[in-house]
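Geometric and topological summary
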Amino acid sequence: MLALDDERWSLLSHAYGNAADVPEMISELSEDFESGQENDFLYGYLCHQYSTYSATFAAVPHIVEIAFQPQSNANQIEIIIFCGLVHAFRNRDRRYEIASDDVNLVSKLKEEIEKFYLEAIIKITPLTEKLFDNDQLDNEDRKYLFFSFLAFHEQEELSQMFFQFSELEEFVLNCPNCVKEIYLWAEDEKLVAYKHDPVFIKKFKKEPIKFEVLPVEIDWKNWNGEYSGEQKAKWMMFLAEKYNIEPLKYQIPYLFSRMICPHCSHSINILDNLIK
């Protein structure tokens, strides 16, 4: 990995500009992960509002190493979630600035960073599944670990979608036909559709009109757990049950189904329009 005393950090960037200050912040994180500054560093500098930077990928191998320090067991979940978020959004806006006109230097540095970054992701992936066996995990931890699990297993679009709708209470999609927004709302262990944001409508003392969404039938009981793109719904349902991911266990059949647009009556594939 890029050594912390490597002068090439100054060629990289983070959300606030030059990344020459990242090695010092990594050292501070390694010495005291719960200093109160970790969120500012991870989600302010390295992955700001879902954007990633050249320094992000150089920093991840060092951050992954912190997860394997003897005193870091309590921090493993937070580190995995951060790495999952980075991995899910790593190609979204392709911010990868290296401040040099030397084409060979840039190419070599980028190759070096990407190599160690991918090795770090491979290293931390098994830890994600291992942590699911911890009975002390609450639903929030399980949910975010699952989003990371999806990213690590090449389901970046699904992971992005779940990170962005992380509360799993409301999903917003646009009808591909009329381009109007549709709100899917979690109610009584099912998803229902609204033309307009029901919270906004209720502020004007109006009762929003519900539209039914029918779940697709997913028969996964004899599923062997192996991933198949053609049977992604089964794979997701199997994993949600296996790892006890609430409330996805009941939401997946809705997310993988079709619905009628309440605006124009066009038939919509829900998931395809959520992950765009």
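To keep things clear, this report deals only with the structure shown in the data block. (Residues numbered from 1 in each chain as written. Predicted model: local features only at pLDDT ≥ 70, side-chain atom pairs only at ≥ 80, totals over all residues. Heavy atoms only, no water.)

Another point: the overall build of the chain. Across its full length, the chain holds eleven helices and ten strands. In terms of overall dimensions, the chain has C-alpha extents of about 60 × 40 × 40 Å along its principal axes. Residues classed as buried in the chain amount to 49% of the 276 residues present. Of the contacts made within the chain by residues no fewer than 6 positions apart, 59% connect residues no fewer than 24 positions apart. (Helix = DSSP H or I, 4+ residues; strand = E, 2+ residues; numbered from the N terminus. Buried < 20%, exposed > 50% of the residue type's maximum accessible area, 1.4 Å probe, protein only. Contact = heavy atoms within 4.5 Å.)

Residue alternation in strand β5 (residues 170–174) divides its side chains into a buried set, F171 and L173, and an unburied set, E170, V172 and N174. The loop that links β5 with its antiparallel partner strand β6 (residues 181–186) comprises six residues; one of these, V179, has a positive phi angle of about 65°. (Pairing = 2+ DSSP bridges.)

With omega at 0°, the peptide bond leading from E246 into P247 counts as cis. Positionally, P247 belongs in the loop between α9 (232–242) and α10 (248–255). One non-glycine residue, E154, lies in the positive phi region at around 65°. Here E154 lies in the loop between α6 (139–152) and α7 (156–164). Residue classification places E154 among the exposed positions, given a relative accessible area of 66%. Of note, N244 is a non-glycine position whose phi angle comes to about 55°, a positive value. When you line up the elements, N244 lands in the loop between α9 and α10. Residue N244 is classed as partly exposed on the basis of its relative accessible area of 31%.

Between its first and last C-alpha atoms helix α4 (residues 76–89) spans 20 Å; for 14 residues at 1.5 Å apiece the expected length is 20 Å, and the two agree. Burial runs high along α4: 13 of the 14 residues are buried. (Expected span 1.5 Å × (residues − 1).)

Looking now at a negative patch on the surface. Residues D21, E24, E28, E31, D32 and E34 make up a contiguous surface patch of negative charge. For E31, the location among the structural elements is in helix α1 (residues 22–31). Overall, the relative accessible area of 70% leaves E31 in the exposed class. (Patch = residues over 30% accessible without salt bridge, like charges linked within 9 Å, V, L, I, M, F, W, Y side chains within 5 Å. Areas by Shrake-Rupley, 256 points an atom, 1.4 Å probe, with all protein chains shown as cover. Salt bridge = Lys/Arg side-chain N within 4 Å of Asp/Glu carboxyl O. Lys, Arg positive; Asp, Glu negative; His and termini not counted. Charge placed at Lys NZ, Arg CZ, Asp CG, Glu CD.)

This paragraph deals with the packing of α4 against helix α5 (residues 103–132). The description of two helices packed together rests on the angle between their axes and the distance between the axes. Their axes nearest at 10 Å, the elements α4 and α5 cross at an angle of 130°. As the angle between them shows, α4 and α5 are arranged oblique. Between α4 and α5 lies a crossing of left-handed hand. Residue-level contacts link Q76, I77, I79, I80, C83, V86 and H87 of α4 to Y117, L118, I121, I124, L127, T128 and L131 of α5. Classifying every residue of the contact of α4 with α5 by side-chain character gives eleven nonpolar, three polar and no charged. (Axes fitted to C-alpha atoms, helices over the stretch in contact; angles between N-to-C directions. Parallel < 35°, antiparallel > 145°, perpendicular 65-115°, else oblique. Left-handed = near helix turned anticlockwise from the far one by under 90°. Nonpolar A, V, L, I, M, F, W, Y, C, P; charged D, E, K, R; others polar.)

Attention now goes to the packing of aromatic side chains. Scanning the entire structure with this criterion turns up 15 aromatic pairs. Ring centres of F165 and F171 lie 5.6 Å apart, and the angle between their planes is 55°; this geometry places the pair in the tilted category. There is no split in this pair, since F165 and F171 are both buried. Here a set of aromatic residues connected by ring pairs shows up, and it is made of F132, F146, F149, W235 and Y243. Sitting above the plane of the Y96 ring, K110 keeps its charged end 5.0 Å from the centroid. (Phe/Tyr/Trp six-rings, centres within 6.5 Å; stacked < 30°, edge-to-face > 60°. Lys NZ or Arg CZ within 6 Å of the ring centre and 35° of its normal.)

This part takes up the nonpolar core. Counting 92 residues, the largest nonpolar core has L12, F162 and L248 as the members making the most contacts within it. The greatest single-element share of this core, amounting to ten residues, is contributed by α4. Residues within four places of L12 in sequence aside, it is in contact with L2, G17, N18, A19, S54, A55, A58, E97, I98, L109 and I113. (Core = buried A, V, L, I, M, F, W, Y, C linked by side-chain atoms within 4.5 Å.)

For K221, the position within the fold is in the loop between β8 (210–211) and α9. Of the residues examined, K221 reaches a relative accessible area of 63% and is grouped as exposed. Residues K221 and F238, 17 residues apart in the sequence, show an inter-C-alpha distance of 7.8 Å.

This structure, assessed with the given rule, holds eight salt bridges. One salt bridge in this structure joins K123 and E65, with 2.8 Å as the shortest N-O distance. Here E65 lies in helix α3 (residues 54–67) and K123 lies in helix α5, a separation of 58 residues in the sequence. Residue E119 is joined to K115 by a salt bridge in which the shortest nitrogen-to-oxygen separation is 2.9 Å. With a gap of four residues between them, E119 and K115 both fall in helix α5, about one helical turn apart. The class for K115 is partly exposed, based on a relative accessible area of 44%. Through salt bridges with shared partners, a single network forms among D6, R8 and E112.

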